Amino acid sequence: MLTRGREIVARAGFNPYRVDFDAARFIDLASNNYLGLAGRVEVKEAAIAAIREHGASLCGTPVASGHSAYARRLAERLAAFCKLEAALFFPSCYQANNGIFALLAGEDDIIVIDRAAHASLIAGARASGAKISPFVHNSLEHLARVLERAGHYRKIFVVTESVFSTEGAIAPLPEILALCRVHDAIPVVDDSHGIGVLGAGGRGVLEHFAITDFPGVYTASLGKALAGMGGVVAGKAEVMERLEYLCPGLIYSTALTPPALGTLHGALDVIEREFPALGQRLWHYRDIIADALGAKRLGGEAPINVVACGDAETAVRLTAALYRNGILATPFIEPSVPKDACVVRLIAGAGLAEAAAQQAAACLRTCIQACF
Amino acid sequence: MTLENCLERVIKAIKVCKKKPALAIDGETRLRDDLAIDSFEMLMLANELEAEFDISIAEADFDGILTVGDIARRLVEKC
């Protein structure tokens, strides 16, 4: 795999994973800075204020010195933002997804998981010792069939993402929850690309689908639309309490730093105040880029544009062409996606100027014509 | 169970996993190179086959297999 990757990079004369760039000269369609909050003065000031007030780091795990009143207040605020009972911060969403199953599931249980779920969910599920049963990506029919065969397990978990970021598809969560109810299964949803993006108030997938009283486990990254660092697990208070004291990924890791918490604080302020306008711009830019991609665009509903490239070489070649024209994009090749379904992902965040989005669209038209 | 019958049922399970009923598959079709089946999709296929044949399949049962026919032969030995 590594050798093949090196060959592709050598032929393209470009390594997309070691890009050195001057942010001022590039149009960033590669990051997950959906709302442009990473560069907002208010967010940066909130991070600086948190350092001034609480220090650069808590230098301890949550159960040692890291369980500050500041972190607790912010966790409560984030839980309320998502309309969930309680929330816990993790050092990263990868660590959150990787750690929860070890505590919640065991060898008498089954974890039914979308075939395209994030690597962190798959690794966490596999490490739990439970039976793992992948279902066909976003297929309710296959999920129902798998659940019908799972009745003899002690606990059943159904795991999915809200937005599959390498295609922009949104999971049919209401229907998945309905199947969970029928089969007495516990839903687990990773809303990393939904929080701060979906819903009328940017509150994520639960708001998007008007889901109230979510009965399962909710996880999300704080490093995408929320422009910070770390991850969150949220849901029923009793489950969060158990995780808080027993989840190894949490209790043996240094607590989220004050600047990370401050960034979240600042980001939530901006989202609560400005999301209608920011969201509108995000979807507008998504449409501008989608028009430029034409038939090469995968048909996802989220504000993510994905160019279907087929093989890895085409994905890297297109990314290189864009880079040479001042556009940063992200190629996804095996193992992130199947080897015959490589893509280039483009996220035109609300922080871009209209002219930049138009320039990126024009450049995409030219580069796609040249690369296919 | 004959090898032919087993192969037919394996192909049916692969088409379910790939969500492509019209996929052209025979015993010589290579799982990774032709069908782009990775280890996680292989796990899904193993679960489908467990249900189809009413058996239990460990991940190690499919060690070293390359083609659709290899799976069928392994299952005939197992059943």
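Check the entry above for the structure.
Values in this document were obtained by computation on a predicted structure and should not be read as measured data.

**What about the overall build of chain A?**
Reasoning step 1: Helices and strands together make up the secondary structure of chain A, namely 14 helices and 14 strands.
Reasoning step 2: Here chain A has a C-alpha radius of gyration of 21 Å; the compact-globule value for 372 residues is 21 Å, and the two agree.
Reasoning step 3: In terms of overall dimensions, chain A has a C-alpha envelope of 55 × 55 × 40 Å along the principal axes.
Reasoning step 4: Residues counted as buried form 55% of the 372 residues belonging to chain A.
Reasoning step 5: Summarising the internal contacts of chain A: among those between residues at least 6 apart in sequence, 73% fall at separations of at least 24.

**A few points about the nonpolar core**
Residues and elements named next belong to chain A.
Reasoning step 1: By size, the foremost hydrophobic cluster in this structure holds 154 residues, and its most contacted members are A87, I111 and V112.
Reasoning step 2: When residues of this core are assigned to their parent elements, the largest contribution, 14 residues, is made by helix α12 (residues 258-293).
Reasoning step 3: Looking at which domains feed residues into this core, each of domain 1 (2-40 + 275-371) and domain 2 (45-268) supplies at least three.
Reasoning step 4: Non-local contacts of V112, meaning those with residues more than four positions away in its chain, are made with S133, F135, L143, V146, L147, A150, I156, F157, V158 and V159.

**Quick look at the environment of I111 of chain A**
Residues and elements named next belong to chain A.
Reasoning step 1: Inspection of the secondary structure assignment puts I111 in strand β3 (residues 110-114).
Reasoning step 2: Here the alpha-carbon distance between I111 and L226, two residues 115 residues apart in the chain, equals 29 Å.
Reasoning step 3: Once you skip the residues sitting within four places of it in the chain, I111 turns out to touch F101, A105, A125, S128, A130, I132, F157 and V159.

**Here we look at the sheet that holds strand β8 (residues 186-190) of chain A**
Whenever strands of a sheet pair, they do so through backbone hydrogen bonds, lying parallel or antiparallel.
Residues and elements named next belong to chain A.
Reasoning step 1: Ordered in space as β2-β10-β9-β8-β5-β3-β4, the seven strands form an open sheet in which the pairing is mixed. Looking along the sheet, the strands with just one partner apiece sit at the ends: β2 (86-90) and β4 (131-135). The average undirected angle you get between the axes of adjacent strands in this sheet is 20 degrees.
Reasoning step 2: Where β3 and β4 come together, five bridges link them in parallel fashion. Its bridge partner being in β4, V112 is matched across the sheet by S133.
Reasoning step 3: Contacts between helix α6 (residues 119-127) and the sheet are confined to β3, β4, β5 (156-161) and β8, with β3 contributing the most and set at about 165 degrees to the helix.

**Description of the interface of chain A and chain B**
Reasoning step 1: On the side of chain B, eleven residues touch chain A, which itself brings 13 residues to the contact.
Reasoning step 2: The element that contributes the greatest number of residues to the side of chain A that touches chain B is β4 of chain A, accounting for three residues.
Reasoning step 3: A class-by-class count of the residues in the side of chain A that touches chain B yields six nonpolar, three polar and four charged.

Rules behind the numbers
Residues numbered from 1 in each chain as written. Chains lettered and ligands numbered in written order. Predicted model: local features only at pLDDT ≥ 70, side-chain atom pairs only at ≥ 80, totals over all residues. Helix = DSSP H or I, 4+ residues; strand = E, 2+ residues; numbered from the N terminus. Rg over C-alpha atoms; globule rule 2.2 N^0.38 Å. Buried ≥ 20, exposed ≤ 12 C-beta atoms within 10 Å, placed from the backbone. Contact = placed C-beta atoms within 7 Å. Core = buried A, V, L, I, M, F, W, Y, C linked by C-beta atoms within 7 Å. Domains from an automatic or database assignment. Pairing = 2+ DSSP bridges. Axes fitted to C-alpha atoms, helices over the stretch in contact; angles between N-to-C directions. Nonpolar A, V, L, I, M, F, W, Y, C, P; charged D, E, K, R; others polar.

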